[in-house]
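So the chains spell out like this:
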Amino acid sequence: MSDKPVQELPDHIAATTFAEFREAKPLVHCLTNEVVQTFTANVLLALGASPAMVVDESEATQFAAIAGAVLINIGTLYPARGEAMLAAITSATRAGKPWVLDPVAVGALDYRTAFARGLLSLKPAAIRGNASEIMALAGRDARGRGVDSADESLAALPAARDLAQQTGAVVAVTGAVDYVTDGTRDYAVSGGHPLMTRVVGTGCALSAVVAAFCASSSGPKGDRLAAVATACRTMARAGEHAVAASEGPGSFVPAFLDALYRMSATNGADGG
Amino acid sequence: MSDKPVQELPDHIAATTFAEFREAKPLVHCLTNEVVQTFTANVLLALGASPAMVVDESEATQFAAIAGAVLINIGTLYPARGEAMLAAITSATRAGKPWVLDPVAVGALDYRTAFARGLLSLKPAAIRGNASEIMALAGRDARGRGVDSADESLAALPAARDLAQQTGAVVAVTGAVDYVTDGTRDYAVSGGHPLMTRVVGTGCALSAVVAAFCASSSGPKGDRLAAVATACRTMARAGEHAVAASEGPGSFVPAFLDALYRMSATNGADGG
Amino acid sequence: MSDKPVQELPDHIAATTFAEFREAKPLVHCLTNEVVQTFTANVLLALGASPAMVVDESEATQFAAIAGAVLINIGTLYPARGEAMLAAITSATRAGKPWVLDPVAVGALDYRTAFARGLLSLKPAAIRGNASEIMALAGRDARGRGVDSADESLAALPAARDLAQQTGAVVAVTGAVDYVTDGTRDYAVSGGHPLMTRVVGTGCALSAVVAAFCASSSGPKGDRLAAVATACRTMARAGEHAVAASEGPGSFVPAFLDALYRMSATNGADGG
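Just so it is clear, the structure is predicted and the values come from calculations on it, not from any experiment.

1. Let's talk about the nonpolar core
1) Next: One finds Val43(A), Phe252(A), Phe256(A) and Leu260(A) to be the most contacted residues of the largest nonpolar core, which totals 61 residues.
2) Next: In this structure Phe256(A) touches Phe39(A), Val43(A), Met196(A), Met235(A), Ala238(A), Gly239(A) and Ala242(A), once residues within four positions along its chain are discounted.

Written out as C-alpha cells, the structure is:
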C-alpha cells in the first residue's frame with residue numbers, strides 16, 4: 001500500500017475533460033449484461049453520448065469499427081455473446097478504437113474468470129471493477145463479497161497498479177472512494193453515496209461512461225487517466241445530487257438521470 | 001417532395017380511432033430488442049393493451065396466431081431470434097393478424113439490412129422508422145446518423161410513399177414531425193419533444209403502439225392509415241404532457257407512462 | 001372449495017418472518033425472463049437482498065450452490081436458457097438450497113407447459129402464479145386470460161392445495177387476494193392494488209421475493225408457508241403505499257421501490 005495519500009482528481013482537469021466529452025458526444029458500442037442494458041443506455045443518453053447495443057457477431061465486428069469505443073461487460077456472459085465480444089474487441093483494436101472491460105463477478109465464477117483473463121492480452125484501454133474483482137483479475141486473493149468500503153478499494157490499489165502495468169489499461173477500483181491508476185500515477189475520486197449500491201447497474205453504467213470518456217480522449221493529446229477519473233467523478237457527483245433529491249432507490253433512478261442530463265446541459269462534472 | 005403541405009391528422013379521426021383502441025385492449029406479441037423490452041411492455045400496459053414477449057421459435061409460432069398483432073424490432077437481432085421472428089410472421093399472416101416492422105439501424109449494418117429487406121415481401125401491415133431507416137429500407141441513400149429534424153422526416157416522405165406502394169404497408173417516418181403514408185394518402189403528426197430522443201426506447205415503444213393500433217383496426221372497416229397516425233399522435237401528446245411535468249429524461253419516464261395511463265382512462269389521444 | 005374462510009396471515013408471524021429475512025440478506029440466483037430482470041433486481045436490492053442473474057449453464061451450476069435460493073421464471077423460455085435452469089435446479093438441490101418456480105403463461109403455450117410440468121418432480125420449494133397458471137399446472141382447465149379477481153384466486157385454491165400435496169411445494173395463487181397453501185394449512189393475504197397489474201413484472205418480482213424469503217427460512221425451524229405468505233404481504237403493503245404516493249403506473253415504480261426500501265430499513269412487512 002502506498003505511504004502518502006492519493007491525490008484527488010483536480011477540479012480543473014475534470015472540467016477540461018468533461019468539456020471535451022460534451023463536445024465529442026461519443027457513440028459507445030455496449031456489449032453488456034442483460035440486467036442493465038436499459039439503464040446503461042439511459043445514462044449515456046442523459047450525458048449526451050449515444051449508446052448502441054449491437055450483439056450479433058458479424059454486426060459486432062462491423063459496428064465496433066464505427067463506434068467511438070466498445071464496452072465489454074461480462075455480467076451475463078454465455079458462449080454466443082462471448083464470441084460477439086471477441087469479434088468486437090478485434091475489430092475495435094484494428095480500427096484504433098478503445099475498449100473497456102467490466103469484469104463483473106470475476107473470481108467468483110470460473111467460466112467468466114477464464115474469459116476475462118483471456119481478454120487482458122487484448123489490451124483494454126480501461127478496466128473498471130470493485131475491489132474483489134480487480135484483485136481477482138490481478139491474480140490476488142479477494143476475500144468474499146465486497147463491502148464497498150473506502151478501505152477496501154484502497155487495499156486493492158496495489159493490485160490495480162499491477163494490473164495497469166501488466167495490461168497497459170487505466171484501472172479504476174470503485175467503492176466508497178474510487179481509485180484510478182495507470183500503474184504510475186493515481187487519482188482518488190471521493191463522493192457518491194451508499195444508496196447507489198441498492199440500485200442495479202450503477203457500477204455497470206459507470207463502466208459505459210468510462211468507455212465514452214475513453215472515446216473522447218482517444219486522440220494523441222488525450223489523457224486516459226484523467227478521462228477515466230472524470231467518468232468516475234461525473235457519476236459520483238450525479239449520485240450525490242440524486243440522493244439529495246430522492247427518497248430511496250426507486251426515486252433515485254429518475255433523479256440520477258436528470259442530474260446527468262443537467263451536467264451535460266450546463267456546467268459539467270460538478271454541475272447538478 | 002410534395003408541393004402542398006401534408007394534412008395534419010384530424011382530431012375527430014384520432015378520437016374515434018383511439019376510442020376503438022381503448023375498447024379492443026389488444027394483445028401484442030412483441031419480438032423486440034433487449035434494451036427496450038421493459039419500457040415497451042410498460043407503455044402498452046399503461047395504455048390498457050397487453051404485451052407478451054414470447055421468444056422461443058415454436059412458442060412464437062403458437063402465440064402469434066393468438067395475439068392481436070405482432071411487433072418485429074431488429075435492434076438486437078441475432079440468428080436464433082431472427083428465426084423466431086420469421087416463425088411469428090408466418091403464423092400471424094396465416095391467422096390473418098397484422099405484423100409491424102421497426103427496422104432499427106437498417107442501412108448502417110449489413111446483416112439486419114438484408115434481414116429487414118427480406119421481410120418486406122412478407123407484407124408488414126406497417127413500418128415505423130426514422131428518416132434514415134425508411135430511406136435505407138426503400139433503397140435510397142441515407143446520409144449519416146439522423147438529426148431527427150422536421151425537414152429530415154419530410155425529406156424521407158417520398159421514400160416512405162414508395163415503400164408503402166411496394167409493400168402494401170402503412171409507413172411512418174418519425175421525427176420532429178411524423179409523416180404517415182399508405183402510398184396515396186398522407187397524414188402529418190406534429191408534437192412530441194426533443195427530450196424524447198434522450199430516453200431509450202421511445203421510438204421502439206411507439207412501434208409497439210403502432211402494432212396495438214393495427215390490431216384494433218384490423219377489421220374490414222378499419223382504416224390502418226388513421227390507426228398508425230393515431231398511435232404516433234398518442235405518443236406525441238403523452239410526450240408533451242410528460243416533458244411539462246418532468247425535469248429531465250429520468251423523470252420523463254414515469255411522467256410519460258402516467259400520461260399514457262390517464263389517456264387510456266379518460267379522453268383519449270388528446271388527453272393528459 | 002373450502003367451507004370456512006381462509007385465515008389472514010397473522011401480523012405477528014409476518015413481523016417475525018420479515019425480521020429473519022432482513023437479518024439474512026439472502027443472495028438470490030435469478031433465472032428469469034428478459035422483460036423483468038432490471039425490476040426484479042431492483043426489488044430485491046430495495047429489500048436488502050442480493051440478486052444475481054447468472055445465465056451460462058456451467059456458471060448456473062456453480063452459482064446455484066452458492067446462492068441462498070434460485071428463482072426459475074419461464075416467461076421468455078428458450079432451449080439454452082432452459083438448460084441453464086435445469087442445471088441450476090440440480091445444483092441447488094444437491095446443495096440443499098430451495099428453488100422457486102414462476103410458471104408464467106403455463107397452459108397457454110405448449111413448450112413451456114411441458115417444461116414446467118417436467119420441473120414439478122424436481123421438488124420446488126414454492127410455486128407462485130396467478131389462478132390460471134396454478135390451475136393449468138395442477139392439470140385443471142383454466143378459462144382464458146385471468147381477470148385477477150378475488151374470486152378467481154379463491155377458485156384456484158383447491159388446485160393449489162392439490163399441487164402442493166403432489167409436489168411438496170408451498171403454492172401461492174396471487175390475485176386481488178393471494179392464497180398461500182402447503183396443501184394442509186392456508187393463509188390469505190389481502191391488499192395490493194389493481195394498478196400493480198398495469199406495471200410489468202410485479203408478479204415476477206414477487207416470485208423473486210418468495211425465493212428470497214425461502215432462503216431466509218430454509219433452516220430446520222423455518223416455516224416455509226409463513227415465509228411465502230410474508231413475501232406476498234410485503235409486496236402487497238409496498239404496493240398500497242406506492243399507489244397512495246403515485247399518479248399512475250409510471251410513478252408507481254419508483255414509489256414502490258422506495259416503499260420496499262423503507263420497509264427494509266425500518267419496521268418490516270407493515271412499514272411504509
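2. Observations concerning the relation of the copies chain A and chain B
1) Next: In screw terms, the move from chain A to chain B is a rotation of 120 degrees and a rise of 0.0 Å along the axis, fitting with an RMSD of 0.0 Å. Both chain copies can therefore be described as sitting about a three-fold axis. Taking C-alpha positions as the reference, the residue of chain A nearest the rotation axis is Glu34(A), at 4.2 Å.

3. Let's talk about the interface of chain C and chain B
1) Next: The interface of chain C with chain B comprises 23 residues on the first partner and 26 residues on the second.
2) Next: Summed over both partners, the interface of chain C with chain B buries about 2,000 Å², with 52% contributed by carbon and sulfur atoms.
3) Next: The tally of links from chain C across to chain B stands at 2 salt bridges.
4) Next: Glu34(C) is paired through a salt bridge with Arg81(B); the nearest N and O atoms lie 2.7 Å apart.

4. Describing unusual backbone geometry
1) Next: Here the phi dihedral of Lys123(A) falls at roughly 65 degrees; this positive angle occurs in a residue that is not glycine.
2) Next: Examined against the element boundaries, Lys123(A) turns out to sit in the loop between helix 5 (110-119) and strand 5 (126-130).

5. What about the confidence of the model for chain A?
As a note on interpretation, predicted positions should not be read in detail where pLDDT is low.
Residues and elements named next belong to chain A.
1) Next: When the pLDDT values of chain A are averaged, the result is 93; 93% of them are 70 or greater.
2) Next: Note that pLDDT drops below 50 for residues 144-149; the model gives that stretch 13 contacts with residues more than four away or on any other chain.
3) Next: Per the prediction output, this complex has pTM 0.96; the corresponding ipTM is 0.94.

6. Considerations on the UniProt feature "binding site: substrate" (unreviewed entry) in chain A
1) Next: The residues that UniProt annotates with the feature "binding site: substrate" (unreviewed entry) are Met53(A) and Gly201(A).
2) Next: Looking at the secondary structure, you find Met53(A) in the loop between strand 2 (50-52) and helix 3 (57-64).
3) Next: Residues in contact with Met53(A), not counting those within four places in the same chain, are Cys30(A), Thr32(A), Gln37(A), Thr40(A), Ala41(A), Val35(B), Gly75(B) and Thr76(B).
4) Next: Looking at the element boundaries, Gly201(A) is found in the loop between strand 8 (186-190) and helix 9 (202-216).
5) Next: Beyond its immediate chain neighbours, meaning those up to four positions away, Gly201(A) contacts Val36(A) and Phe39(A).

7. Brief notes about the interface of chain A and chain B
Size of an interface, as often reported, equals the accessible area lost when the parts are brought together.
1) Next: Taken residue by residue, the interface counts 27 residues in chain A and 23 residues in chain B.
2) Next: For the pair chain A and chain B, the two sides together bury roughly 2,000 Å², of which 52% comes from carbon and sulfur.
3) Next: The tally of links between chain A and chain B comes to 2 salt bridges.
4) Next: Salt-bridge contacts for Arg112(B) lead to Glu59(A); the nearest nitrogen and oxygen are separated by 2.7 Å.
5) Next: When grouped by side-chain class, the residues that make up the side of chain A that touches chain B number 13 nonpolar, 8 polar and 6 charged.

8. Regarding the UniProt feature "binding site: ATP" (unreviewed entry) in chain A
Residue and element names in this part refer to chain A.
1) Next: Cross-referencing UniProt, the feature "binding site: ATP" (unreviewed entry) maps to Arg128 and Thr174 in the present numbering. A maximum C-alpha distance of 7.2 Å is found for the annotated residues, which run over 47 residues; spatially they form one tight group.
2) Next: Turning to its location among the elements, Arg128 is positioned in strand 5.
3) Next: Those residues in contact with Arg128 that sit more than four places away from it in its chain are Leu101, Asp102, Pro103, Ile134, Ala172, Thr174, Gly203, Cys204, Leu206, Ser207 and Val210.
4) Next: Separated by 2.8 Å, the side chains of Thr174 and Arg128 make a polar contact.

9. Section: helix 11 (residues 249-265) of chain A
1) Next: Compared with an ideal rise of 1.5 Å per residue, which puts 17 residues at 24 Å, helix 11 of chain A spans 24 Å between its outermost C-alpha atoms and is within 8% of the ideal.
2) Next: With 14 of its 17 residues buried, helix 11 of chain A lies for the most part within the structure.

10. A few points about the pattern of salt bridges
Opposite charge on two side chains makes pairing possible when the charged atoms of those side chains draw close.
1) Next: Applying the stated criterion to the full structure yields 27 salt bridges over all chains.
2) Next: A salt bridge links Arg128(C) to Asp102(C), with the nearest nitrogen and oxygen atoms 3.0 Å apart. Taken as a pair, Arg128(C) in strand 5 (residues 126-130) and Asp102(C) in strand 4 (residues 99-102) lie far apart in primary sequence, 26 residues in all.
3) Next: By sharing partners, the salt bridges in this structure join Asp182(A), Arg185(A) and Asp223(A) into a single network.

11. Regarding the state of the cysteines
1) Next: Taken as a whole and assessed by the stated rule, the structure comprises 0 disulfides over all chains.
2) Next: No disulfide involves Cys232(A); its sulfur sits 10 Å from that of Cys214(A), the nearest cysteine.

12. Let's talk about the sheet that holds strand 2 (residues 50-52) of chain B
Residue and element names in this part refer to chain B.
1) Next: Sheet architecture is open: 8 strands sit in the order 2-1-3-4-5-6-7-8, paired in mixed fashion. Edge strands, defined here as strands with exactly one partner in the open sheet, are strand 2 and strand 8 (186-190). Neighbour to neighbour, the strand axes of the sheet diverge by 20 degrees on average, direction disregarded.
2) Next: Contacts from helix 9 (residues 202-216) reach strand 1 (27-31), strand 3 (69-73), strand 4 (99-102), strand 5 (126-130) and strand 6 (170-174), with the element oriented near 155 degrees to strand 3.
3) Next: Against the sheet, helix 10 (residues 224-244) touches strand 5, strand 6, strand 7 (177-181) and strand 8, its axis set at about 10 degrees to strand 8.

Conventions adopted
- Residues numbered from 1 in each chain as written.
- Chains lettered and ligands numbered in written order.
- Predicted model: local features only at pLDDT ≥ 70, side-chain atom pairs only at ≥ 80, totals over all residues.
- Heavy atoms only, no water.
- Core = buried A, V, L, I, M, F, W, Y, C linked by side-chain atoms within 4.5 Å.
- Buried < 20%, exposed > 50% of the residue type's maximum accessible area, 1.4 Å probe, protein only.
- Contact = heavy atoms within 4.5 Å.
- Least-squares fit on C-alpha atoms with pLDDT ≥ 70 in both.
- Buried area = accessible area lost by both parts, 1.4 Å probe.
- Salt bridge = Lys/Arg side-chain N within 4 Å of Asp/Glu carboxyl O.
- Helix = DSSP H or I, 4+ residues; strand = E, 2+ residues; numbered from the N terminus.
- pLDDT = per-residue confidence, 0-100.
- UniProt positions renumbered as here; feature names shortened; annotations may be inferred.
- Nonpolar A, V, L, I, M, F, W, Y, C, P; charged D, E, K, R; others polar.
- Polar contact = N/O pair within 3.5 Å; in protein donor to acceptor, adjacent residues only side chain to side chain.
- Expected span 1.5 Å × (residues − 1).
- Disulfide = S-S within 2.5 Å.
- Pairing = 2+ DSSP bridges.
- Axes fitted to C-alpha atoms, helices over the stretch in contact; angles between N-to-C directions.

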